[in-house]
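Results of the structural survey
Spelled out, the chains give:
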Amino acid sequence: MYACSNGDENAQRKKGRGKSTSTGAHKINKRSSSSALLKTVRELETYIKMAKEETELMLNEETKSLANALESAAHAERELKKDLAQRKRALANLQDALLEVLEDCVVSFLG
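Report on the accompanying structure. (Residues numbered from 1 in each chain as written. Predicted model: local features only at pLDDT ≥ 70, side-chain atom pairs only at ≥ 80, totals over all residues. Heavy atoms only, no water.)

1. Re the overall build of the chain
If you tally the helices and strands in the chain, you get 2 helices and 0 strands. Counting only carbon and sulfur atoms, one obtains 60% of the accessible surface of the chain, whose full area is about 10800 Å². (Helix = DSSP H or I, 4+ residues; strand = E, 2+ residues; numbered from the N terminus. Areas by Shrake-Rupley, 256 points an atom, 1.4 Å probe, with all protein chains shown as cover.)

Set out below in structure tokens:
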């Protein structure tokens with residue numbers, strides 16, 4: 001009760017040549033999806049490269065900014081140390097002057 005013999009199956013296959021079959025379409029879809037995937041990978045690589053370069057530029061700018069801030073802080077520290085030393089000298093001079101006045105007072109009082 002078979003409708004086709006082996007020869008009829010071959011004829012049916014030959015008739016189907018040139019027409020799109022599901023496996024042929026699958027191969028085409030596979031190629032186009034591989035091509036799309038490759039394109040996507042290249043786009044991602046480009047995006048990653050650009051992001052990396054942008055990040056490096058930002059880091060360089062931040063590093064320069066931090067270096068400048070550190071330099072400014074160091075300069076301010078030096079200025080504060082100079083001011084502190086100057087105030088210490090002024091305080092020492094004031095103490096010496098007060099001691100002289102005190103000595104003069106003591107000498108006058110006792111004297």
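Don't stop here, the text continues.
2. A few points about the pattern of salt bridges
As enumerated under the stated definition, the model contains 3 salt bridges in all. Of the charged contacts, one joins Glu-79 and Lys-82 as a salt bridge, the two residues approaching to 3.7 Å between their closest N and O atoms. Residue Glu-79 and its partner Lys-82 are located together in helix H2 (residues 22–110), separated by 3 residues, close to a single helical turn. On the basis of relative accessibility, which here comes to 38%, the residue Glu-79 falls in the partly exposed class. As a salt-bridge pair, Asp-83 and Arg-87 come within 2.9 Å of each other at their nearest N and O atoms. Of this pair, Asp-83 and Arg-87 both sit in helix H2, separated by 4 residues, roughly a single helical turn. Exposure remark for Asp-83: the relative accessible area of 31% places this residue in the partly exposed category. For Arg-87, a relative accessible area of 57% puts it in the exposed group. (Salt bridge = Lys/Arg side-chain N within 4 Å of Asp/Glu carboxyl O. Buried < 20%, exposed > 50% of the residue type's maximum accessible area, 1.4 Å probe, protein only.)

3. Brief notes about a negative patch on the surface
There is a patch of like negative charges on the surface, built from Asp-96, Glu-100, Glu-103 and Asp-104. The topology assignment puts Glu-103 in helix H2. (Patch = residues over 30% accessible without salt bridge, like charges linked within 9 Å, V, L, I, M, F, W, Y side chains within 5 Å. Lys, Arg positive; Asp, Glu negative; His and termini not counted. Charge placed at Lys NZ, Arg CZ, Asp CG, Glu CD.)

4. Regarding a nonpolar patch on the surface
A cluster of nonpolar side chains, namely Leu-99, Leu-102, Val-106, Phe-109 and Leu-110, defines an oily patch on the protein surface of about 580 Å² accessible area. With respect to the helices and strands, the residue Leu-110 is situated in helix H2. Relative accessible area serves as the criterion here: at 68%, Leu-110 is assigned to the exposed category.

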